[in-house]
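Topology and contacts: notes
Each chain is listed here by its residues.
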Amino acid sequence: MFRLLLALLLTLAAPGLAGAQGAMTAVKAKDLVRARLVAESEALVPGRTVTLGLHMAMKPGWHVYWRNPGDSGLPPEMAWRLPEGFTVGPVLWPVPERIPVQTLMNFGYEGAVTLLVPLAVPESARAGETVRLSGTLSYLVCEEICIPGSAELSLDLPVAASAEPASGQAALFARARAALPEALAEALPEAAPSSYRTTREGDRLVLHLDRPGLAGVTEAAFFPYAEGALDNAAPQDLAVDAAGLHLTLTPGDAGQAPEALAGVLALTEDGARKAYALGPEPAPAPTAAATVPAAPETPPAPAEEESLTLWSAAGLALVGGLLLNLMPCVFPVLSIKVLSLVRQAGESATRVRLHGLAYTAGVLASFLGLAGLLIALKAGGAGIGWGFQLQSPVVVTLLAYGLFAMGLSLSGAVHLGGGIVGLGDGLTRRAGYQGSFFTGVLATLVATPCTAPFMGAAVGFALTQSPLAALTVFASLGLGLALPFLGLTLVPQALRLLPRPGAWMDVLKGALAFPVYATVAWLVWVLAQQVGPNGLLAGLTGLVLVALAAWAWERARGAGRLGTGFGRMAAVAALAAALGLIAVLDGDRATARTALAQGEEAFTQARLDALRAEGRTVFVDMTAAWCITCQVNERTVLAREGVQAAFLAGQVVYLKGDWTNQNPEITRLLERHGRSGVPLYLVYRGQGEAQVLPQILTEGIVLAAIGQKDVAAAQ
């Protein structure tokens with residue numbers, strides 16, 4: 001077990017990092033994407049708007065992304081540097097293609113694409129001067145692997161009283177405009193306003209385009225503006241009749257209502273491709289600066305996350321790791337280690353210290369392994385963050401199986417040995433150290449759903465740095481988690497305060513099984529949020545098989561020839577529990593839906609942008625079923641009558657983003673605020689920037705943030 005676990009952790013960390021680093025070194029993004037900035041006119045005219053083009057040509061087989069990248073990826077983004085008074089409008093996005101990548105479906109462009117951007121020239125621009133338009137284009141280019149890239153683009157144009165079309169660019173801009181979707185009312189002026197609608201039929205949505213004469217349509221694809229609105233990889237079933245076109249779609253985890261569905265409908269009609277923009281486009285964030293001054297200015301004071309250095313982030317991670325020991329998800333495993341310390345109190349100081357070091361090694365190896373895998377996956381373009389492994393129903397289920405087996409051992413139903421739970425004294429010294437190492441691994445796994453104070457900023461900082469810097473921060477986090485137990489084992493005087501071993505330990509050992517069972521129950525509840533009824537039944541059946549394997553294993557001990565049969569039964573049951581149900585769990589995942597409480601709305605970036613444009617006060621709650629901190633905050637603070645009354649009095653819109661399963665739109669919002677995991681609480685008041693609230697909430701903090709403290713006090 002020790003060798004297998006250590007090999008697994010090293011496999012996760014070292015090869016993943018080396019593979020990501022090697023791919024980044026061997027292939028450079030600038031060799032895959034040729035980007036340039038072009039203008040439709042030869043000159044800039046004061047008071048008029050000129051169209052710019054961000055042209056990207058990709059190497060065959062590689063692609064970049066649309067505004068909604070689909071199941072993974074990032075859209076291109078331009079950070080402009082413009083002279084004072086010049087402003088750019090929102091990007092005009094061409095119709096994308098559906099790009100399957102294994103089991104995922106992405107939306108993007110292959111070959112070449114031109115993103116059109118309107119530039120408003122101020123009246124103050126003086127004829128005869130030359131203006132430099134420049135900026136940094138950031139993008140993600142993908143094939144089987146994804147490589148982030150950037151390009152410094154610039155264009156010098158004169159200011160004149162009039163301007164001719166740019167020579168040699170007419171065809172490029174004509175193609176770019178032809179690739180844009182048409183507004184439905186302009187494309188079909190004879191159509192009634194209700195010609196586009198969506199309805200719900202069972203678990204699916206049906207998009208209707210009520211227009212006769214569409215018999216020539218042979219293909220159709222719908223691209224939603226909002227990420228998570230649809231199950232992108234699900235088939236889109238087309239039907240055409242005398243009334244028009246009907247496209248059956250599968251909703252995504254966001255569970256968006258039919259009336260809110262908006263996006264681009266692409267059709268192939270009589271061999272020609274047409275596309276229509278359906279519904280309102282997401283409004284750009286009203287406070288997002290589209291330009292920055294060309295001349296250097298004193299930068300604004302950085303936010304707390306932005307001002308972190310490597311060593312300050314490592315310090316915050318150390319404190320966050322210490323506080324993780326107080327989180328309820330870590331309590332069952334630490335209870336076992338406390339019992340282990342009591343048992344070892346009479347042993348030599350050297351042996352006790354080695355147990356502490358073995359436990360610390362298990363914690364550090366696990367943190368570095370998880371961090372290495374997280375860094376490698378993010379380098380490949382995956383939209384994940386801290387706690388990402390618990391977004392997999394398979395990981396949640398296998399963790400529940402392991403803890404259930406541990407609980408059976410603590411209850412005395414089966415003897416699994418000290419190498420499993422660190423409690424037995426009949427094994428060799430080496431086996432005992434293996435038990436301490438494994439307990440450190442388990443402590444790490446059950447700690448990942450928790451986010452302690454100070455930890456969010458440190459982890460968010462780590463994932464924006466080099467792999468070496470990121471691993472340093474994660475190692476500090478692991479050291480903080482291991483430090484209390486390690487400190488006890490390194491100070492002999494502290495061990496003398498522990499009670500002497502005795503018969504009472506068997507009673508305590510049995511009692512400690514119940515926090516473990518409670519953790520199993522919580523994991524099953526998390527699983528119920530991730531999968532449908534069939535998947536949940538499969539997970540519960542797996543628990544029965546784990547119990548069967550434990551029973552057969554115990555019967556096999558010392559039963560002679562008969563024991564061989566029981567041993568085989570245990571092996572078969574364990575194999576069925578660990579492997580036979582994984583496919584069912586993973587395949588049933590897409591049917592899961594998240595229920596929202598009264599007064600809550602499902603988060604989408606489009607909905608948030610629309611509310612901000614209206615100047616509404618918005619409370620954004622980024623949560624997950626497996627996040628213990630999130631659940632405690634929701635039940636002890638956000639669900640309280642005073643908070644709910646204040647939300648109602650202040651007309652606060654409550655947007656909840658559920659990260660239980662992967663949601664790239666939520667991941668992107670987390671990353672914009674320097675976080676890699678949940679919880680994240682944001683308050684938008686009017687059109688101002690978001691106020692980031694602490695990860696541990698109080699009623700006073702929430703009421704002060706939404707400006708309703710006095711109202712709530714009067715209730």
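See above for the structure.
Predicted model, so just to flag it, every value in this text is computed and none were measured. Within each chain, residues carry numbers counting from 1 in the order of the written sequence. Given that this is a predicted model, residues contribute local features only at a pLDDT of at least 70 and side-chain atom pairs are listed and counted only at 80 or more, while totals for whole chains, interfaces and linings are drawn from all residues. Think of the side-chain values as coming from all heavy atoms in the structure, minus any hydrogens and water.

1. Section: the overall build of the protein chain
- To qualify as a helix, a DSSP run of H or I must reach at least 4 residues; to qualify as a strand, a run of E must reach at least 2; elements of each kind are numbered from the N terminus. Helix and strand counts for the protein chain stand at 24 helices and 23 strands.
- Between two residues, a contact is recorded if the distance between any of their heavy atoms is within 4.5 Å. Nonlocal contacts in the protein chain, meaning residues at least 24 apart in sequence, comprise 77% of its contacts between residues at least 6 apart.
- For accessible areas, the Shrake-Rupley method is used with a probe of radius 1.4 Å. Any residue's cover is judged against the shown protein chains and nothing else. Carbon and sulfur atoms make up 60% of the accessible area of the protein chain, which amounts to about 31600 Å² in all.

2. Quick notes on the pairing of strand S6 (residues 97–101)
- When DSSP finds two or more bridges between two strands, those strands count as paired. In this sheet, strand S7 (residues 104–110) lies alongside S6 in antiparallel orientation, the contact comprising five bridges. In the sheet register, Val101 faces S7, and the bridge partner there is Leu104.
- Counting the residues that bridge the hairpin from S6 to S7 gives two residues, and of these Gln102 lies at a positive phi of roughly 55°.

3. Brief notes about the pattern of salt bridges
- Throughout this description, the term salt bridge denotes a Lys or Arg side-chain nitrogen within 4 Å of a carboxyl oxygen of Asp or Glu. A complete count under the given rule lists 14 salt bridges for this structure.
- Of the charged contacts, one joins Arg81 and Glu152 as a salt bridge, the two residues approaching to 2.8 Å between their closest N and O atoms. In this pair, Arg81 is assigned in strand S4 (residues 77–81) and Glu152 in strand S10 (residues 146–158), connecting sequence segments 71 residues apart.
- Look at Glu152 and you get exposed, because its relative accessible area is 55%.
- For Arg197, the salt bridge identified is with Asp210, shortest N-O distance 2.8 Å. Note that Arg197 is positioned in strand S12 (residues 196–201) and Asp210 in the loop between strand S13 (204–209) and strand S14 (217–224), a separation of 13 residues in sequence. Per-residue accessibility, obtained with a 1.4 Å probe over protein chains only, is compared with the maximum for each type, and a residue is labelled buried under 20%, exposed over 50%, and partly exposed between these values.

4. Section: the packing of helix H15 (residues 513–530) against helix H16 (residues 533–556)
- With axes taken as lines fitted to C-alpha atoms, and helix axes fitted only over the stretch in contact, angles between N-to-C directions fall between 0 and 180 degrees. Interhelical geometry of H15 versus H16 gives an angle of 155° and a closest axis separation of 9 Å. By the angle class used here, H15 and H16 are roughly antiparallel. At the point where H15 passes H16, the crossing takes the right-handed sense. Residues Val520, Val524, Leu527 and Ala528 of H15 pack against Gly535, Leu536, Gly539, Leu540 and Leu543 of H16.
- Under the grouping applied here, Gly and all other residues not named as nonpolar or charged are polar, the nonpolar ones being Ala, Val, Leu, Ile, Met, Phe, Trp, Tyr, Cys and Pro and the charged ones Asp, Glu, Lys and Arg. Split into classes, the residues belonging to the contact of H15 with H16 amount to seven nonpolar, two polar and no charged. Roughly parallel refers to an angle under 35 degrees, roughly antiparallel to one over 145, roughly perpendicular to one between 65 and 115, and oblique to any angle outside these ranges. It is the rotation of the near helix from the far one that decides the hand of a crossing: anticlockwise by less than a right angle makes it left-handed, clockwise makes it right-handed.

5. Observations regarding the side chain of Gln605
- You can see Gln605 is positioned in helix H19 (residues 605–613).
- Accessibility expressed as a relative area gives 16% for Gln605, which makes it buried.
- Leaving out residues up to four positions away in the same chain, Gln605 has contacts with Glu665, Leu669 and Arg672.

6. Some remarks on the nonpolar core
- For the purposes of this section, nonpolar cores are sets of buried Ala, Val, Leu, Ile, Met, Phe, Trp, Tyr and Cys residues that join through side-chain atoms within 4.5 Å. Counting residues in each nonpolar core, the largest one holds 48 residues, and the members touching the most others are Leu44, Leu54, Trp80, Phe86, Leu119 and Leu133.
- Ignoring anything within four residues of it in the chain, the contact list for Leu119 reads Leu44, Arg48, Thr49, Val50, Leu52, Leu82, Phe86, Thr87, Val88 and Leu133.
- Formed by 36 residues, the second largest nonpolar core is a distinct cluster that contains Leu608, Val620, Val683 and Val702.

7. Comments concerning the environment of Ala220
- On the secondary structure map, Ala220 appears in strand S14.
- Setting aside residues no more than four positions away along its own chain, Ala220 makes contact with Gln236, Leu238, Leu245, Leu247, Ala266 and Leu267.

8. Description of the packing of aromatic side chains
- Note on aromatic pairs: the rings of Phe, Tyr and Trp (six-membered ring only in Trp) are paired at centre separations within 6.5 Å, and the planes decide the class, stacked below 30 degrees, edge-to-face beyond 60, tilted for the rest. Inspection of every chain in the model, using the stated rule, returns ten aromatic pairs.
- Taking 6.4 Å as the distance between ring centres and 70° as the angle between the ring planes, the aromatic pair formed by Trp66 and Phe107 counts as edge-to-face. Taken as a pair, Trp66 in strand S3 (residues 63–70) and Phe107 in strand S7 lie far apart in primary sequence, 41 residues in all. For the pair formed by Trp66 and Phe107, the shared burial category is buried.
- An aromatic cluster is present here, built from Trp66, Phe107, Phe223 and Tyr225 joined pairwise through their rings.

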